[in-house]
Amino acid sequence: MAEKFDLQEREVWDGNYAASQAMRQAKVDVMAAYPITPSTPIVENYGAYVANGYVDGEFVMVESEHAAMSACVGASAAGGRVATATSSQGFALMVEVLYQASGMRLPIVLNVVNRALASPLNVRGDHADMYLGRDSGWIQMDAFNSQEAYDLALCAFKIGENHSVRLPVMVHQDGFITSHTAQNVYPLTDEAAYNFVGEIDPVDDMLDFSRPVTYGAQTEEDWHFEHKAKQHKALMDSVPVIEDVFAEFEKVSGRKYKRVESYMMEDAEVAIVALGTTVETSRVAALRMREQGIKAGVVAPRVFRPFPFDEIRDALENVKSVAVLDRSSPGGAMGAFYNEVSAALYTTENRPLVTNYIYGLGGRDFAVKDAMDIFADQKANADAGHITTDIQQFSGLRGPKLGFFKTKRG
Amino acid sequence: MAITSVKNLKEFSTANDRFEGAHTLCPGCAHSMIVRELMNCTDDNLVVTTNTGCLEVSTAVYPFTSWDTSWMHIGFENAASAAGGAEAMYKARKKKGTLKDNDAPVKFVAFGGDGSTFDIGFQWLSGAFERGHDFTYICLDNENYANTGGQRSSATPIGATTSTAQAGTHSYGKKEKKKDIVAIMAAHGAPYVAQLAPNKWKSMAKGFQKALETEGPCFINTVSPCCTEWRFDPKDTISITDLATDTLMFPIYEIIDGHELNILYRPKNVLPVEEYLAAQGRYKHLFKPENKHVIEEIQKNINEYWEMLQRREEARV
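Residues numbered from 1 in each chain as written. Chains lettered and ligands numbered in written order. Predicted model: local features only at pLDDT ≥ 70, side-chain atom pairs only at ≥ 80, totals over all residues. Heavy atoms only, no water.

1. As for the domain arrangement of chain A
All names here are of chain A.
Link 1 in the chain: Looking at the assigned domains, one finds that chain A contains domain 1 (11-253) and domain 2 (261-404).
Link 2 in the chain: Each of domain 1 and domain 2 has a C-alpha centre, and the two are 28 Å apart.
Link 3 in the chain: The interface of domain 1 with domain 2 comprises 30 residues on the first partner and 27 residues on the second.
Link 4 in the chain: Summed over both partners, the interface of domain 1 with domain 2 comes to about 2200 Å²; 59% of that surface belongs to carbon and sulfur atoms.
Link 5 in the chain: Summed over the three residues of domain 1 that lose the most area to domain 2, namely Tyr131, Arg134 and Phe144, the buried surface amounts to 33% of that side.
Link 6 in the chain: Taken together, domain 1 and domain 2 are joined by one salt bridge.
Link 7 in the chain: The biggest single contributor to the side of domain 1 that touches domain 2 is strand 6 (residues 139-142), with four residues.
Link 8 in the chain: Across the side of domain 1 that touches domain 2, the residue classes tally to 16 nonpolar, seven polar and seven charged. (Domains from an automatic or database assignment. Contact = heavy atoms within 4.5 Å. Buried area = accessible area lost by both parts, 1.4 Å probe. Salt bridge = Lys/Arg side-chain N within 4 Å of Asp/Glu carboxyl O. Helix = DSSP H or I, 4+ residues; strand = E, 2+ residues; numbered from the N terminus. Nonpolar A, V, L, I, M, F, W, Y, C, P; charged D, E, K, R; others polar.)

2. Examining the interface of chain B and chain A
Interfaces are frequently sized by the accessible area removed from exposure as the parts join.
Link 1 in the chain: Counting residues at the interface gives 43 residues for chain B, matched by 44 residues for chain A.
Link 2 in the chain: Here chain B packs against chain A, burying approximately 3400 Å² in sum over the two surfaces, 60% of which is carbon and sulfur.
Link 3 in the chain: Applying the counting rule to chain B against chain A returns four salt bridges.
Link 4 in the chain: Arg131 of chain B is the partner of Glu63 of chain A in a salt bridge, and the nearest nitrogen-oxygen pair spans 2.8 Å.
Link 5 in the chain: Breaking the side of chain B that touches chain A down by element, the ones donating at least two residues are strand 1 (45-50), helix 3 (54-59), strand 2 (70-72), helix 4 (79-96), strand 3 (106-113) and helix 6 (122-131) of chain B.

3. So, a nonpolar patch on the surface
Link 1 in the chain: The grouping of Leu397, Leu402, Phe404 and Phe405 of chain A at the surface amounts to a nonpolar patch, some 340 Å² of accessible area in total.
Link 2 in the chain: Inspection of the secondary structure assignment puts Leu397 of chain A in the loop between strand 16 (392-395) and strand 17 (403-404). (Patch = residues over 30% accessible without salt bridge, like charges linked within 9 Å, V, L, I, M, F, W, Y side chains within 5 Å. Areas by Shrake-Rupley, 256 points an atom, 1.4 Å probe, with all protein chains shown as cover.)

4. Quick notes on the nonpolar core
Link 1 in the chain: Phe111 and Tyr276 of chain B are the most contacted members of the largest nonpolar core, which has 129 residues in total.
Link 2 in the chain: With residues up to four places along the chain from it excluded, the contact list for Tyr276 of chain B reads Glu143, Trp230, Ile240, Leu243, Ala244, Thr247, Met249, Phe250, Arg282 and Tyr283 of chain B.
Link 3 in the chain: Of all hydrophobic cores here, the second largest spans 49 residues; its members include Val109, Met141, Val197 and Ile242 of chain A. (Core = buried A, V, L, I, M, F, W, Y, C linked by side-chain atoms within 4.5 Å. Buried < 20%, exposed > 50% of the residue type's maximum accessible area, 1.4 Å probe, protein only.)

Next up, the structure:
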């Protein structure tokens, strides 16, 4: 039996500490991990729980992130609760096995503390790693602050381990801005947290020898397509489970989560769509814009995968001009998030104007003023009835202004 | 642990059938003999992980499986990590009492070819051994990337021709020495390391049993002649293995706790290496006059290695 960990009703935790506490409370059976900035403290904190008897599970410190996810896959198929954490290059090294984990339908929880991808080497936060995982078949949830990193980590187990889902889940938080910023966090008691998450009930347990299982079989053109389609369907079908788990979490915590978080969108004329800590910055900017008489709002996917196409569409369809913010180098195209939001808005009657801002790469600060400038651009577009700038712009970049892609409307 | 008797080959070959005969390995491939020996030498429950390679692609093509036990394949390089993860979960669940059967003994075994063991999966293997997981890693060493059509690996010996180290007018095939994986794994301080061969089936089964019984990470390199890439008649697999062990190209020995070396097979008549080389198409070019020096080098290497093994056995250090 694990030692009792004393918790206050209100704790001051950074995002990393919040995530590691959720791992402890969920009574993870195996954590196989490898340290990398800025997610290292999640692994270190867990190591401290192990050293002081606060957890009962096995802590396997492996020799690389690839091995970490490989050991997680082996452990998860062996029927218990599994979690780990990583960032950036470590995430990139894991990618091969991320696809294997989802293909084998293993409910592993991965805390991703978002960080830029080299080169140039950079330890600060952007969403390049998060985007790298977007086709990997995992559920991806996005925390905007420490409290949410804790809450969503608990929800992640309950969603992924649900028998109608059986998929791995990533919980993202922004490197340093969330992971290393101490904030008020209201944890559940250990008992309430574990009651909420519940016991894992394994499917296709490798340690149940009365029913041998083969994991990781080969399929070629005869069956591969059917398997991948089924996997995609499982992701799409996870939506009601995610909503149920959020509703249940509200009952035990009083905190309400939705697949898309809308802020002052009821009457909004212009909107920012963003991920991570930028959501809160943009909300402050929206308030300031409203003081100036501009009806600004903010839309943010809480669940990035499965992509909330319908909810994004419904939240934005009556807006005149929308800015989609991508915190990842677009690599010769529109930002990936821009493309997804635009696709949703193309299906509406109103078809709002949609522009793309690349910002904050490698941890470049994104301030309220930056968000206000973007809102001002949207107001100009809304008034003109067409996009008045290049469709893709760079916000917060030094040197000459960069812009790409032109509109044919207006 | 429940040990199956290894006295009678006929009995032993069907002792504990958990590896189905229905698979798509080449006729004459030694992999299935080695795997069957492992699976038959114990009555304990087995979790088997397998790196990408001939064994994996020939035994688990959906909707079929040859494995009548828990089996997992992830990637080319990570069967050792998967076994380690599963073993950690076994320990965690045993402690919590959440296993279906909390008392039945479970053994963890990882298989890899020489490509995944010597080359691409070496880091994962080394890491798992350093961490001390209680599992047995068995390398099916056929000295090339046979699954992808016979490319050189760091297990390919000097002088063999492969598709990426070809013999030609300007080349006698692979120029580099085979990596000494047994010594490397022994240097990890593993409690049991051995090199075994399927022609010596009793010592192979005993070695497997010793590895399964020993707590901690154990490594066994098995000689697995590959009729397709070594170029010999499929019916000759065991006689080729006899030549491999009788020329001392593949000496059979074990190393306990990283230092105590025991030679497990001493040929009554040590044969010259030409007999082994001449029996395989991959060495055919070595018999041209201009390549005579390569055969001499191979023989010299064998002699030196055998001398080293004997001295180490004697020294007990």
